[in-house]
Amino acid sequence: MSFRLSQRDKDIIAFINQFRAVDRDSLVDIFFKQLRSPVNACNSVMVRLYRLGLIERTQQYSPTVYLPVNANIKKNSQKILHFLSILDIYKQMCTYSTPKQVIVEDKPTGRKGGIEPDLFCIFKGSPFWIEVQRNQYSEQKMQVKINLYEEFFFSDEWKALNWQPEDRSAIFPSVILITPVRYAASSEHIRIIQVASIHELMQKYKSADKQQREGRSRTSVYSSGIKINLT
């Protein structure tokens, strides 16, 4: 079959491959919201891409969720909800600034048993590893997770990751735990931020900025060493 894909078609396929599970409404928000009938336009495009065999879909959710071809994700898998949670965090960040260097299910150690954050990105000029906690962990299990980040910190392998800046010293990302539960897990070596959402994160540091801005002319917030550009 001969067909030609538009750049938007290619971008949609790449986005689904990147995030592994993407619901119809998210596609509308990201790719179609500027159109007169965004939902109808999205449905038309997605049906065409599905019939061409370029994406998969599951209608076990409403609205429909789209998956990569050959993703080995069962259409009723709980893993889909996990990927949708990661996508939601990305969308929250986009309301403030589009993240860069986005990696879903990052594996920076390159080996089994190392850290496996749900998301890596550079957000407002700062690198973050993000853990999206849909289930409550024990304090011990959470501390084990943090200990793995410390092990990676002391390995110095992170200094060679390809997103590191070439013109200045390497940066170890802050670790954001997206969780409704506050854990006692801590580290003396890496920065751990616990928030329920990106919206809470931004509100927290906007409040800090308001307190620190008096008498200063700055466009960044520094709180416990965290830098988030707010402009």
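A brief look at the structure comes next. Quick caveat: nothing in here was measured; it's all calculated off a predicted structure.

Thoughts on the packing of aromatic side chains
Thinking step 1. Taken as a whole and judged by the stated rule, the model has 14 aromatic pairs.
Thinking step 2. Seen from their ring centres, F153 and F154 are 5.3 Å apart, and the 75 degrees between their planes marks the pair as edge-to-face.
Thinking step 3. Residue F153 is classed as partly exposed on the basis of its relative accessible area, which comes to 22%.
Thinking step 4. Measuring from ring centre to ring centre gives 5.2 Å for W158 and F172, while their planes differ by 85 degrees; the resulting arrangement is edge-to-face. One end of the pair, W158, is in the loop between α5 (139–155) and β7 (174–178); the other, F172, is in the loop between α5 and β7, and 14 residues separate them in sequence.
Thinking step 5. By way of ring pairs, the aromatic residues F120, W129, Y149, F152, F153, F154, W158, W163 and F172 are connected into one cluster.
Thinking step 6. The ring of Y50 has R57 sitting right over it, with the charged end atom 3.9 Å from the ring centre.
Thinking step 7. Over the ring of Y137 we find K141, and its NZ or CZ is 4.6 Å from the ring centre.

Some remarks on the pairing of β7
Thinking step 1. Most of β7 is tucked away: 5 of the 5 residues are buried.
Thinking step 2. By the alternation rule, side chains of β7 split into S174, I176 and I178 and V175 and L177, which are all buried.
Thinking step 3. As paired elements, strand β6 (residues 126–132) and β7 share 5 bridges and run parallel to each other. Bridge pairing links W129 to V175 in β7.
Thinking step 4. As a crossover connection, the stretch from β6 through α5 into β7 is right-handed.

What about the sheet that holds strand β3 (residues 65–67)?
Thinking step 1. Here 3 strands make up an open sheet; going across it, the order is β1-β3-β2 and the pairing antiparallel. Strands at the two margins of the open sheet, each flanked by one partner only, are β1 (22–23) and β2 (56–58).
Thinking step 2. Judged from the 2 bridges that link them, β1 and β3 form a sheet pairing that is antiparallel. The partner of D23 across the bridge, within β3, is V65.

Observations regarding the pattern of salt bridges
Thinking step 1. What the rule picks out here adds up to 10 salt bridges.
Thinking step 2. Its salt-bridge partner being R20, residue E105 comes within 3.4 Å of it at the nearest N-O pair. Taken together, the residues E105 in the loop between β4 (100–104) and β5 (119–123) and R20 in the loop between α1 (7–19) and β1 connect sequence positions 85 residues apart.
Thinking step 3. Two residues, K75 and E56, come together in a salt bridge whose shortest N-O distance is 2.9 Å. Here K75 is found in the loop between β3 and α4 (79–94), whereas its partner E56 is found in strand β2, with 19 residues between them in sequence.
Thinking step 4. One connected set of salt bridges, linked through shared partners, spans R20, K79 and E105.

Some thoughts on the nonpolar core
Thinking step 1. Core analysis: the biggest nonpolar cluster contains 45 residues, and I12, L27, M46 and I130 have the highest contact counts within it.
Thinking step 2. Element by element, the count of residues in this core is highest for α4, at 8 residues.
Thinking step 3. Here L27 is in contact with I12, F15, V22, F32, C42, M46 and Y66, once residues within four sequence places are set aside.

Some thoughts on the environment of L177
Thinking step 1. Within the secondary structure, L177 is located in strand β7.
Thinking step 2. Placed 46 residues apart in sequence, L177 and E131 show a C-alpha to C-alpha distance of 4.9 Å.
Thinking step 3. Aside from chain neighbours lying at most four places away, what touches L177 is E131, M142, I192, I193, Q194 and V195.

Let's talk about unusual backbone geometry
Thinking step 1. Of the consecutive residues S62 and P63, the connecting peptide bond is found in the cis state with omega at 0 degrees.
Thinking step 2. Locating P63 in the fold gives a position in the loop between β2 and β3.
Thinking step 3. The phi torsion at K124 lies on the positive side, around 55 degrees, for a residue other than glycine.
Thinking step 4. Here K124 is to be found in the loop between β5 and β6.

Let's talk about the side chain of T64
Thinking step 1. Relative to the elements of secondary structure, T64 occurs in the loop between β2 and β3.
Thinking step 2. Ignoring any residue separated from it by four or fewer positions in sequence, one finds T64 in contact with V22, D23, R24, R57, T58 and Q59.

Conventions and cut-offs
- Residues numbered from 1 in each chain as written.
- Predicted model: local features only at pLDDT ≥ 70, side-chain atom pairs only at ≥ 80, totals over all residues.
- Heavy atoms only, no water.
- Phe/Tyr/Trp six-rings, centres within 6.5 Å; stacked < 30°, edge-to-face > 60°.
- Buried < 20%, exposed > 50% of the residue type's maximum accessible area, 1.4 Å probe, protein only.
- Helix = DSSP H or I, 4+ residues; strand = E, 2+ residues; numbered from the N terminus.
- Lys NZ or Arg CZ within 6 Å of the ring centre and 35° of its normal.
- Pairing = 2+ DSSP bridges.
- Right-handed = clockwise from strand over helix to strand, strands pointing away.
- Salt bridge = Lys/Arg side-chain N within 4 Å of Asp/Glu carboxyl O.
- Core = buried A, V, L, I, M, F, W, Y, C linked by side-chain atoms within 4.5 Å.
- Contact = heavy atoms within 4.5 Å.

Don't take any of this as a statement about function, it's just geometry.
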